[in-house]
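Single-letter residue listing:
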Amino acid sequence: MDFLFITATAASDHTALWMFLVFVAATLIITYFSARHSSGASAYFAAGRRITGWQNGLAVAGDYMSAASFLGIAGMIAMNGYDGFLYSVGFLVAYLTVLFIVAEPLRNAGKYTMADVLAYRLSPRPVRAAASLSTLTVSIFYMIAQMVGAGVLVRQLIPGVTYEVAVVGVGLLMVVYVVFGGMLATTWVQIIKAVLLMTGSGFLTVLVLREYQFDIGKFFSSLSAISSTGPDGEKIVRDFLTPGLIFKNPWDQISLGMALLFGTAGLPHILIRFYTVPDAKTARASVVWAMIIIGLFYIMTTFFGFGAASLMGPDYVAAHGGTNMAAPELARKLGGEIFFAFISAVAFATILAVVAGLTISASTSFAHDFFTNVIHHGKEHQAGAEVRVARITAFVVGALGILIAIVLGPTVNVAFLVGLAFAVAASANLPVLVFSIFWKRFNTAGAVTGLYAGLASSIILILLSPDIMKEHAVFPLKNPALVSIPIGFLAAIIGTLLSKEIPSEDKFTELQVRANTGLGAEKATEH
Amino acid sequence: MQQKVWGDVNIAYLFALSQFFMAWILALIYVIAATGWDRSERSLLAKFGYSSEH
């Protein structure tokens, strides 16, 4: 691996490189020990279900907070103020849906994937095939967005490393974590990332506040008149706490908010994290830990985002690498080269933890839902076949991710892919998950129509949106959630009511007892 | 929304910030309620002769 990174680099830039390598070495050691410990499907897919509440809370946070939310939001606040901060709010509030509705029933009723809950009382094969397709869609699209982002970022952070080398490096590492270390290694990579991210943003926050002698009032006063150069080259002075400086269409914001609020609880890579804890109570505790960490992080975006706006200014940010570089450049300005290198390494860790989570969720769903349950009718015909298929899938998914990211290239705007992932999770996964837990009459036809309608409407509306069709867009909103979520719910209801199939009442009662009490739920493995 | 309430801090910022505390408070209320459900779950399981290991 090392030789890939060492190219013509200016001598002064080696600090960031060394910090990257230290992080990579630490995660590879973890992977080595995870690989030695892990044997059996439960160990590979669910880390033996022995992760504790706070560990899983950190891992959920590490799985969730992507480079887009660290560097992207900081940059948006630095360039245009308040509107960027609105993104931060949605990311935390979304966890209420996870806490109230899905985390505990999911842990009690399922085994490795989201589809386990659906298949509990519905006809397993059609439901799993549909759920696996939507899981793979969400995970792979989200992953390609992250890989392209990673390539662009690493290229900016370490001069001399090309886009292609960065994409291949990130892709290889995530495949190594998942193929050899499984869920245990992925979990620890995510935990380390969460700790690094919180440490880095905590330091950055303190350094920003130090510039204002730790006087919060003074900090906010500095934001009331930020001057920058307007589109026509004229000087403009704006109050950065004013809403509406970039977002002009409120419907876009409502749609995005709905995608976050309903989509987070349907993101497969977040959902499978709840299978790694011993029971539903620990799953609940881990959501609470995650909410504390995620909330603190997004409140800190106030300080380093607005701090970048007032201490450097939008013009400086635009001239020094653009929005994504606002946080690292702020670190350089306040803490010197070493701190810049540290924040860069944090950004790198951030990307790796998220793509590893996405890879394992895609491979788990393919192996468990599609291979074992759809093709082999739920029977493992050979011992260990499921884990073997998952490892091969992780390798294939990783290779595909690298290939597509390189073909798309660094200049493609991939933000819509993240929007698509959240929209599919919100419109296809969440409605059927909610109905299968709470609605007695819900049946197989409803689940299948709900999943396919949610998936298809999200993809079609994105293809018709301004992100793809530019000024000729048929559909006016950037995120389809406002329309596709109701379509997902309605399709699930209509599909249910049109079908003659009456679901077994006993099975629903059984699911209710199991989801609420944990009776019969998968146990943690012994040491 | 641009009304300043504390120094230069306006209603818009406080509103956004309040969402964080709202989320935390709702989570706290849920956890308290769920602890009560845990108790009834334990007694219910015990009544039907299942031991709950928690």
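Scoring rules and cut-offs
- Residues numbered from 1 in each chain as written.
- Chains lettered and ligands numbered in written order.
- Predicted model: local features only at pLDDT ≥ 70, side-chain atom pairs only at ≥ 80, totals over all residues.
- Helix = DSSP H or I, 4+ residues; strand = E, 2+ residues; numbered from the N terminus.
- Rg over C-alpha atoms; globule rule 2.2 N^0.38 Å.
- Buried ≥ 20, exposed ≤ 12 C-beta atoms within 10 Å, placed from the backbone.
- Contact = placed C-beta atoms within 7 Å.
- pLDDT = per-residue confidence, 0-100.
- Nonpolar A, V, L, I, M, F, W, Y, C, P; charged D, E, K, R; others polar.
- Pairing = 2+ DSSP bridges.
- Core = buried A, V, L, I, M, F, W, Y, C linked by C-beta atoms within 7 Å.
- Axes fitted to C-alpha atoms, helices over the stretch in contact; angles between N-to-C directions.
- Parallel < 35°, antiparallel > 145°, perpendicular 65-115°, else oblique.
- Left-handed = near helix turned anticlockwise from the far one by under 90°.
- Expected span 1.5 Å × (residues − 1).

Caption draft 1: How the structure looks around the overall build of chain A. Along chain A, the regular secondary structure elements total 21 helices and two strands. In terms of overall size, chain A behaves like a compact globule, its C-alpha atoms giving a radius of gyration of 23 Å where 527 residues would be expected to give roughly 24 Å. Counting only C-alpha atoms, chain A reaches 70 × 50 × 45 Å along its principal axes. Here chain A, with 527 residues, has 61% of them falling under the buried criterion. Long-range contacts, defined as pairs at least 24 residues apart, comprise 82% of the intrachain contacts of chain A with a sequence gap of at least 6.

Caption draft 2: Just the overall build of chain B, in detail. From N to C terminus, chain B includes one helix and two strands. Listing the helices and strands of chain B from first to last along the sequence gives β-β-α. The buried share of chain B, reckoned over its 54 residues, is 7%.

Caption draft 3: Representation of the confidence of the model for chain B in the model. All names here are of chain B. Summarising the model, chain B shows a mean pLDDT of 86, and 93% of its residues fall at 70 or more. Per-element confidence in chain B is highest for helix α1 (residues 11-47), whose mean pLDDT is 91, and lowest for strand β1 (residues 4-6), whose mean pLDDT is 81. Across the interfaces of the predicted complex, the ipTM metric reaches 0.90, alongside a pTM of 0.91.

Caption draft 4: Layout of the interface of chain B and chain A. Each side of the interface is counted separately: chain B has 23 residues, and chain A has 28 residues. Contributions of two or more residues to the side of chain B that touches chain A are made by β2 (9-10) and α1 of chain B. Here the residues of the side of chain B that touches chain A sort into 15 nonpolar, five polar and three charged.

Caption draft 5: Layout of the pairing of strand β2 (residues 235-238) of chain A. Residues and elements named next belong to chain A. Where strand β1 (residues 226-229) meets β2, four bridges bridge the pair, whose relative direction is antiparallel. Bridged to S228 within β2 is I236. Here β1 folds back onto β2, and the loop between the two strands holds five residues, one of which, G233, carries a positive phi near 85 degrees.

Caption draft 6: Structural view of the nonpolar core. By size, the foremost hydrophobic cluster in this structure holds 207 residues, and its most contacted members are A:Y95, A:I294, A:A327 and A:L352. If sequence neighbours within four positions are ignored, A:Y95 has contacts with A:T264, A:V287, A:A290, A:M291, A:I294 and B:A23.

Caption draft 7: How the structure looks around the environment of B:D8. Structurally, B:D8 can be placed in the loop between β1 and β2. Placed 22 residues apart in sequence, B:D8 and B:Y30 show a C-alpha to C-alpha distance of 35 Å. Residue contacts for B:D8: discarding those within four places in its chain leaves A:F220, A:S221, A:L223 and A:S224.

Caption draft 8: Region of interest: the packing of helix α2 (residues 14-37) of chain A against helix α9 (residues 163-211) of chain A. Residues and elements named next belong to chain A. Running from amino to carboxyl end, α2 crosses α9 at an angle of 105 degrees, the nearest separation of the two axes being 8 Å. Overall, the two elements α2 and α9 adopt an arrangement that is roughly perpendicular. Here α2 contributes V24, A26, T27, I30, T31, S34, A35 and H37 to the contact with α9, which in turn contributes L173, V176, Y177, F180, G181, G182, L184, A185, W188, V189 and I192. Residue composition of the contact of α2 with α9, grouped by class: 13 nonpolar, six polar and no charged.

Caption draft 9: Broad picture of unusual backbone geometry. With a phi angle near 50 degrees, A:A47 is a residue other than glycine that sits in the positive phi range. You can see A:A47 is positioned in the loop between α3 (41-46) and α4 (53-64).

Caption draft 10: Molecular detail of the packing of α9(A) against helix α15 (residues 326-375) of chain A. Residue and element names in this part refer to chain A. It is the contact of α9 with α15, at a shortest axis distance of 6 Å, that shows an interaxial angle of 150 degrees. One element, α9, and the other, α15, form an angle in the roughly antiparallel class. For the crossing formed where α9 meets α15, the hand is left-handed. Along the lines of polarity and charge, the residues of the contact of α9 with α15 split into 28 nonpolar, eight polar and one charged.

Caption draft 11: Geometry of α2(A). For α2(A), built from 24 residues, the straight-helix expectation of 34 Å at 1.5 Å per residue is met to within 8% by its first-to-last C-alpha distance of 35 Å. The set of residues buried in α2(A) consists of A:A16, A:L17, A:M19, A:F20, A:F23, A:V24, A:T27, A:I30, A:T31 and A:S34.

Caption draft 12: Highlighting the confidence of the model for chain A. Scored by pLDDT, chain A has a mean of 88; 97% of the residues are at 70 or more. Note on residues 1-11 of chain A: pLDDT under 50 across the span, and 17 contacts to partners over four residues away in sequence or across chains.

Caption draft 13: Structural context of the environment of A:N249. Residues and elements named next belong to chain A. If you trace the backbone, N249 turns up in the loop between β2 and α11 (250-263). What makes N249 exposed here is the crowd of 11 C-beta atoms within 10 Å. On a C-alpha basis, the gap between N249 and Y82 in space is 15 Å, while along the polypeptide they are 167 residues apart.

Caption draft 14: Region of interest: helix α20 (residues 481-498) of chain A. Residue and element names in this part refer to chain A. Taking 1.5 Å per residue as the helical rise, α20 with its 18 residues ought to reach 26 Å, and the 25 Å between its terminal C-alpha atoms agrees with that figure. Listing the buried residues of α20 in full gives A481, S484, I485, I487, G488, F489, A491, A492, G495 and T496. In this structure, the buried residues of α20 make contact with α11, α17 (415-438) and α18 (444-463).

Caption draft 15: Seen up close, the environment of A:T27. Residue and element names in this part refer to chain A. Secondary-structure assignment places T27 in helix α2. The exposure class assigned to T27 is buried, which follows from the 24 C-beta atoms found within 10 Å. For T27 and Y298, which are 271 residues apart along the polypeptide, the C-alpha to C-alpha distance reads 26 Å.

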